[in-house]
Amino acid sequence: MIIQNYEELATSEKKIDCLKILEEGLKAADPENIIPKFVTPEEIKINGKTIKLNKFSGIYTVAFGKAGDSMTRALNAIIPIKNGIIVIPKGSKSKIKGKKFQIFNSGHPKPDQTSVKAAKEVIKFLQNRREGELVIYLVSGGGSSLLAIPDDITLDDKIYVTDLLLKSGSTIQEFNCIRKHLSKIKGGRLVENTKCQGIGLVMSDVEGDDLSSIASGTTYMDDTTFLEALNIINKYKLKNKIPLEILQRLEDGFKGKIPETPKKALIENYIIANNKNCLDAMELKAKELGYKTKTMQIFGNIKDATQKIMENISDEQKTCLIFGGEPTVEVIGKGSGGRNQELVLRILKNAQNMKKIAIASAGTDGIDGNSLFAGAIIENIKIDESIIKEFLKNSDSARFFQKQKCNIRTDFTHTNLMDIGMVLK
Ligand SMILES: O=C(O)[C@H](O)CO
């Protein structure tokens with residue numbers, strides 16, 4: 001079981017079905033179930049392209065992102081990797097055996113000194129690779145923070161801006177547009193000037209699987225500009241809050257004093273999994289359990305996302321509305337909680353007058369916002385609206401569900417295909 005407190009949460013028939021469906025979604029996000037679809041000991045076969053592996057004098061990996069460790073393990077079980085680097089979040093323990101891989105646990109969601117150290121090691125590693133060798137980049141969400149080399153700005157300033165952006169309600173595309181314009185490696189710059197061949201296998205945690213946004217397109221390229229970065233700063237009213245050096249850099253870039261990020265990809269990058277894979281697996285399970293299903297993805301402001309979900313709940317019984325994606329949340333309090341817990345709480349608030357339903361939502365990465373949980377699951381028990389509002393006001397949804405014993409615990413799942421959830425009637 002991926003859900004560690006499954007038994008504790010399985011307190012009603014509806015919740016049991018919810019948990020079964022959620023488990024299937026989480027399993028579908030596990031690289032061990034994804035990598036073998038594309039890789040055999042002889043070749044990588046993807047998007048109609050075949051890469052024969054025996055033509056290379058050595059195969060190496062560079063993995064960064066929340067799924068870095070499990071992607072490496074899954075690949076290493078199939079092909080003989082000479083050695084490589086794995087960069088995963090602090091707190092997420094590597095399960096890899098042996099000394100073949102150098103492992104870094106760096107800061108997430110904000111970069112730290114280890115993010116910089118890891119990035120420098122990756123650059124060194126790539127400089128040592130020769131023609132005829134292949135580096136497989138295993139990329140997943142979280143990579144932007146885990147691997148960082150600020151360009152002509154201090155790490156402290158970068159951390160400060162990251163914090164502002166995290167709380168601003170900006171989309172990940174907007175967030176990463178700014179990160180790419182402050183970095184020496186993002187937006188494809190990492191793979192510039194390498195002699196070896198490279199290929200990126202990417203797990204998507206971004207709407208539309210936009211390769212230039214996932215982990216800031218570090219092995220791909222960037223289609224955004226300094227001007228767009230400045231517009232985003234203005235849109236979220238951050239101009240007077242960001243450090244002067246950063247504003248200066250963006251303005252210099254806009255004036256052409258600093259080269260733009262690469263606009264052409266130097267290596268092939270392929271999406272090997274996305275949120276839809278989880279939703280499909282959940283739908284299959286829900287159908288097997290006898291539910292009529294509907295699936296949808298939600299992005300954008302969490303209040304609008306809640307509204308969209310409410311509008312799509314069927315009037316019929318024995319139905320399951322499955323949703324995935326990643327709404328944005330503006331953090332307004334000092335409480336504990338993340339997108340998923342807040343979403344479940346908002347649905348609960350709106351579902352007070354409905355017949356019995358079960359609501360669940362979880363981050364496939366296992367860590368919702370600043371909480372220690374993946375998300376929450378609850379039936380629409382009667383709760384005074386003012387109480388819910390109070391928790392929402394402090395961005396404190398995890399504490400609300402802690403009181404109800406309804407937080408879902410998975411620990412780090414070593415994957416990241418955004419969020420998954422459902423409303424079960
Ligand atoms: O690392 C990142 O940039 C986000 O998780 C999106 O991929």
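Residues numbered from 1 in each chain as written. Predicted model: local features only at pLDDT ≥ 70, side-chain atom pairs only at ≥ 80, totals over all residues. Heavy atoms only, no water.

1. Observations concerning the overall build of the protein
And step 1. Tallying secondary structure elements over the protein gives 15 helices and 14 strands in all.
And step 2. The C-alpha atoms of the protein give 22 Å as radius of gyration, which agrees with the globular expectation for 425 residues (22 Å, within 12%).
And step 3. Projected onto the principal axes, the alpha-carbon positions of the protein cover approximately 65 × 55 × 35 Å.
And step 4. The burial tally for the protein puts 59% of its 425 residues in the buried class. (Helix = DSSP H or I, 4+ residues; strand = E, 2+ residues; numbered from the N terminus. Rg over C-alpha atoms; globule rule 2.2 N^0.38 Å. Buried < 20%, exposed > 50% of the residue type's maximum accessible area, 1.4 Å probe, protein only.)

2. Regarding the UniProt feature "domain: MOFRL-associated" (unreviewed entry) in the protein
And step 1. Annotation from UniProt places "domain: MOFRL-associated" (unreviewed entry) at residues 18-251.
And step 2. The distance separating the terminal C-alpha atoms of residues 18-251 is 50 Å; by composition the span is 36% helix and 18% strand. (UniProt positions renumbered as here; feature names shortened; annotations may be inferred.)

3. Some details on the site of the ligand
And step 1. Around the ligand lies a shell of 13 residues, among which Gly142, Ser144, Asn176, Asp205 and Ala215 are the nearest.
And step 2. At a separation of 2.7 Å, an oxygen atom of the ligand approaches a polar backbone atom of Gly142.
And step 3. At a separation of 3.5 Å, an oxygen atom of the ligand approaches a polar side-chain atom of Arg179.
And step 4. Of all the elements, helix H8 (residues 172-180) adds the most residues to the shell around the ligand, at three residues.
And step 5. The residue makeup of the shell around the ligand, split by class, is four nonpolar, seven polar and two charged. (Near = heavy atom within 4 Å. Polar contact = N/O pair within 3.5 Å; in protein donor to acceptor, adjacent residues only side chain to side chain. Nonpolar A, V, L, I, M, F, W, Y, C, P; charged D, E, K, R; others polar.)

4. A word on the state of the cysteines
And step 1. For the structure on display, the rule yields zero disulfides.
And step 2. Free of any disulfide, Cys278 has its nearest neighbouring cysteine sulfur in Cys320, separated by 14 Å.
And step 3. On the basis of relative accessible area, Cys278 is assigned to the buried category, the value being 0%.
And step 4. Cys406 takes part in no disulfide bond, and the closest cysteine sulfur to it belongs to Cys18, at a distance of 11 Å. (Disulfide = S-S within 2.5 Å.)

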